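# Chain and residue survey
Below, each chain spelled out in residue letters.
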Amino acid sequence: MKCPKCHQRVAPFKSWVLWPGPTRECGNCHAHLRCVGFYLNLALHLVIAIPIGAALGAMIVSHAMSVWLAAAIFLGILVITGVVLPWKFARYEECDRRGGWTKGLLLAVVTLVSIVTLFYSWTNWWGARKLSAALAVLREKNEPTRFEEIVPAPVPDADNAAAAPVFQEVFFSAKDSRLGKLEIPWKKIAGKPESGESTIHFTARFLNPDFKGDDQAAGELVLKSLAPSAPLLEEVAQAVRRPGVCWQIDYSKGFETLLPHLPAMTNTSKVLQGRAQAELAAGRPENAFQDVQTLLALARAAGSSPFLITVLVESSISDRASQVINDGLERHAWTDAQLEDLSSELSRIDLLARLSDSLRGERASLLQLDASRTDLLTLQGLPDTRTLRLQNAALRATWAIWPAGWFNEDKAGYIGTIQRYIDAVNHPKELPPTLTEIESARAASSVWNKIRNPLSHKAMPVLMSPTKRIAATQTILRSLATACAVERYRMAHGRLPATLEDLVPAFLLSVPTDPLTGKPLCYKPSESSSYLIYGTGWDQTDNAGSSVTALNDSKKFADQADWGVLVKF
């Protein structure tokens, strides 16, 4: 830059951009000069870098950018605001020796503080207003917003399945508990059954590579491998038969609530399923029936807490029970009394109602979430590694300067969307189009909205997939309950019913309906001693049952598939 008095160059670029100082003396005319760019430099550093830093932090929170890329961009911004812009606009002007930089700097600081204060005040007021309005809508609908309003009521220990010693051990030490160590002997099984080979026979060959027997012998071999776990499984069966369940859970932790019993119950269900299927193959249907009842009771106990993960575990365990029931139908193993009991039991399962409660639990967790105190690694389900600890520290630093108003606005949007989910679950026919609309709106939202509302943007896709899976399982369970009635009709008349109306009123009070459409379930008997019972699935389009697969096929949950059961004799 040049002196405005003698027009001679005063100082090179590097000397003033790093630290220009309040005044400088011209070496040619000895005029006292002040660098106007000094104040611009300071203001640009603070006013521009702070909001950009907050925006980059939001992108880190929403996983739109890594910590290292954000750091590189932030450094680039500092270079631009600290070097390029001052070089473009800064200049020297003649001034009194005493300068006046103190007043200028004070003015810049006061202006900056005023801008920041106004920004935070307006943002926080607006966010609080949005959250208050969202909560008012919930109160008008008599919707609960706190865990105290939705958690199960306390149950006396004598009637509480969760108070049984076999489950209490899990809360003291999940890994060291008996259920935590319970595993199926064929856990590391690899490959698939050969063409025409049953799952039990394939499992027996894994346990004994030299096995050459039939399915009955395979069942006996599998049961022998499970014999050591029989006392523990009986203890579980006695526990879940208690009339109530109330887990000792600290709901005040919200998203960080520990649920150590769920993995243990999932492992137990795998062992029970394997044993029940082996009992059917070995010709012991009464024992298999007892294990199915235990599985269904275990599922109810697992899903008693208002969290999305609990209803998913309940759905998974119910799915295991349905595979055993379907296996028994194909073997004609169940008695009329057992089929009547199973049909009634399956008809009472309402996973969509559980889903509504779990969504309310997720909403209550968010409302009590304090981002500044939350372990974000736990919240995201991430392992505790050095890299992620650095990321966690960066996220905490971001939350420290994050406007509370943005967080409240995020909460308001989240709980409003959750309520739309709940309303749709209560009217299942509206569930697929509602979720599609929510997902389309989320995908079309601006980058600015994604930055301000990272939790809502990330949470919505997490909720959609489980919703579809739960709806599919509910449809399959209802179809299976109907299949039990069909089997009772076949046992009574020696043939399959022509339509489901033939089951009313002797075997069913009314024709069961598709949970998503409210229309009667589809029924397709065939001449080859098999039949299909199904609902039209997520797309609500009848594909004539062509996409219905075996219950142990993962494709049964596909969006374009019909959901139901295929029974082959």
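Here the residue numbers are simple positions, counted from 1 along each chain's written sequence. Only residues with pLDDT of at least 70 are given local features in this predicted model, and only at 80 or more are side-chain atom pairs given and counted; all residues enter the totals for whole chains, interfaces and linings. Processing note: side-chain calculations cover all non-hydrogen atoms of the structure and skip hydrogens and water entirely.

Attention now goes to the sheet that holds strand E6 (residues 563-568). As summarised here, the arrangement of the three strands in space is E4-E5-E6, forming an open sheet in which the pairing is antiparallel. Whereas interior strands pair on both sides, the edge strands pair on one side only; in this sheet they are strand E4 (522-525) and E6. Between one strand axis and the next, the sheet turns by 10° as a mean value, whatever way the strands run. With six bridges joining them, strand E5 (residues 530-535) and E6 adopt antiparallel strand pairing. Bridge pairing in E6 places Ser530 opposite Lys568. For two strands to be treated as a pair, DSSP must find at least two bridges joining them. Helical segments are the DSSP runs of H or I of at least four residues, strand segments are the runs of E of at least two, and each set is numbered from the N terminus. A fitted line through C-alpha atoms serves as each axis, taken over the contacting stretch for helices, and the angle formed by two N-to-C directions is quoted from 0 to 180°.

This next bit is on the packing of aromatic side chains. Aromatic pairs are defined between Phe, Tyr and Trp rings, using the six-membered ring for Trp, whenever the two ring centres lie within 6.5 Å; interplanar angles under 30 degrees are classed as stacked, those over 60 as edge-to-face, and all others as tilted. Considering all chains together, one arrives at 15 aromatic pairs under this definition. With a centroid separation of 5.2 Å and 35° between ring planes, the pair formed by Phe147 and Tyr251 is classed as tilted. Separated by 104 residues along the polypeptide, Phe147 in the loop between helix H4 (101-140) and helix H5 (165-172) and Tyr251 in the loop between helix H9 (230-240) and helix H10 (261-281) bring together distant segments of the chain. Here the two residues Phe147 and Tyr251 agree in accessibility, since each one is buried. Burial classes: relative accessible area under 20% of the type maximum marks a residue as buried, over 50% as exposed, and values in between as partly exposed (1.4 Å probe, protein chains only).

Bringing the packing of helix H11 (residues 285-302) against helix H13 (residues 336-348) into the picture now. H13 packs onto H11 with a crossing angle of 10° between their chain directions and a minimal axis gap of 12 Å. Between H11 and H13, the angle is such that the two are roughly parallel. Contacts from Pro285, Glu286, Phe289, Val292, Gln293, Leu296 and Arg300 of H11 reach H13 at Gln338, Asp341, Leu342, Glu345 and Leu346. Under this scheme an angle from 65 to 115 degrees is roughly perpendicular, one under 35 degrees roughly parallel, and one over 145 degrees roughly antiparallel; angles in between are oblique. Contacts: residue pairs with any heavy atoms within 4.5 Å of one another.

Following the sequence through the fold, Arg300 ends up in helix H11. Expressed as a C-alpha distance, the spacing of Arg300 and Ser315, which sit 15 residues apart in the sequence, is 9.3 Å. Here Arg300 is in contact with Glu314, Glu345 and Arg354, once residues within four sequence places are set aside.

Compared with an ideal rise of 1.5 Å per residue, which puts 21 residues at 30 Å, H10 spans 30 Å between its outermost C-alpha atoms and is within 8% of the ideal. Of all the 21 residues making up H10, 17 are buried; the element is thus mostly covered by neighbouring parts of the structure. At the exit of H10 stands Gly283, carrying a positive phi of roughly 80°. Given the number of residues in a helix, its expected span is that number minus one, multiplied by 1.5 Å.

Relative orientation of the contacting elements H10 and H11 amounts to 160°, with a least axis distance of 8 Å. Regarding the angle of H10 to H11, the classification is roughly antiparallel. Like other packed secondary-structure pairs, H10 and H11 cross with a definite hand, here left-handed. Facing Leu262, Met265, Thr268, Ser269, Leu272, Gln273, Arg275, Ala276, Glu279 and Leu280 of H10, the residues of H11 in contact are Pro285, Asn287, Ala288, Asp291, Thr294, Leu295, Leu298, Ala301 and Ala302. Grouping the amino acids of the contact of H10 with H11 by side-chain chemistry returns eleven nonpolar, five polar and three charged. Helix crossings fall into two classes, left-handed where the near helix is turned counterclockwise from the far one by less than a right angle and right-handed where it is turned clockwise. Amino acids outside the nonpolar list (Ala, Val, Leu, Ile, Met, Phe, Trp, Tyr, Cys, Pro) and the charged list (Asp, Glu, Lys, Arg) are all regarded as polar, and Gly is one of them.

Here the focus is the nonpolar core. Ranked by size, the top nonpolar core spans 123 residues in total, and within it Phe167, Leu179 and Trp334 carry the most contacts. Residue contributions to this core peak at 16 residues, all from helix H20 (residues 454-493). Ignoring anything within four residues of it in the chain, the contact list for Phe167 reads Ala161, Ala162, Leu179, Val236, Ala239, Val240, Trp247, Met265 and Leu298. Buried Ala, Val, Leu, Ile, Met, Phe, Trp, Tyr and Cys residues that are joined via side-chain atoms within 4.5 Å together make up what is termed a nonpolar core.

With that settled, consider the pattern of salt bridges. For this document, the term salt bridge refers to a Lys or Arg side-chain nitrogen within 4 Å of an Asp or Glu carboxyl oxygen. In total, this model carries 22 salt bridges according to the counting rule given. Arg331 is the salt-bridge partner of Asp215, the closest N and O atoms lying 3.8 Å from each other. Residue Asp215 is found in helix H8 (residues 215-226), and its partner Arg331 is found in the loop between helix H12 (308-330) and H13; the two are separated by 116 residues along the sequence. Looking at Arg331, the relative accessible area reads 32%, which means it is partly exposed. Each of Glu143, Asp357, Arg360 and Arg363 takes part in a single network of salt bridges with overlapping partners.

The amide bond that connects Val504 to the next residue, Pro505, takes the cis arrangement and shows omega of 0°. If you trace the backbone, Pro505 turns up in the loop between H20 and E4. With a phi close to 55°, Asn142 is a non-glycine residue in the positive phi region. At Gln540, a position not held by glycine, the phi torsion is positive, near 55°. On the secondary structure map, Gln540 appears in the loop between E5 and E6.

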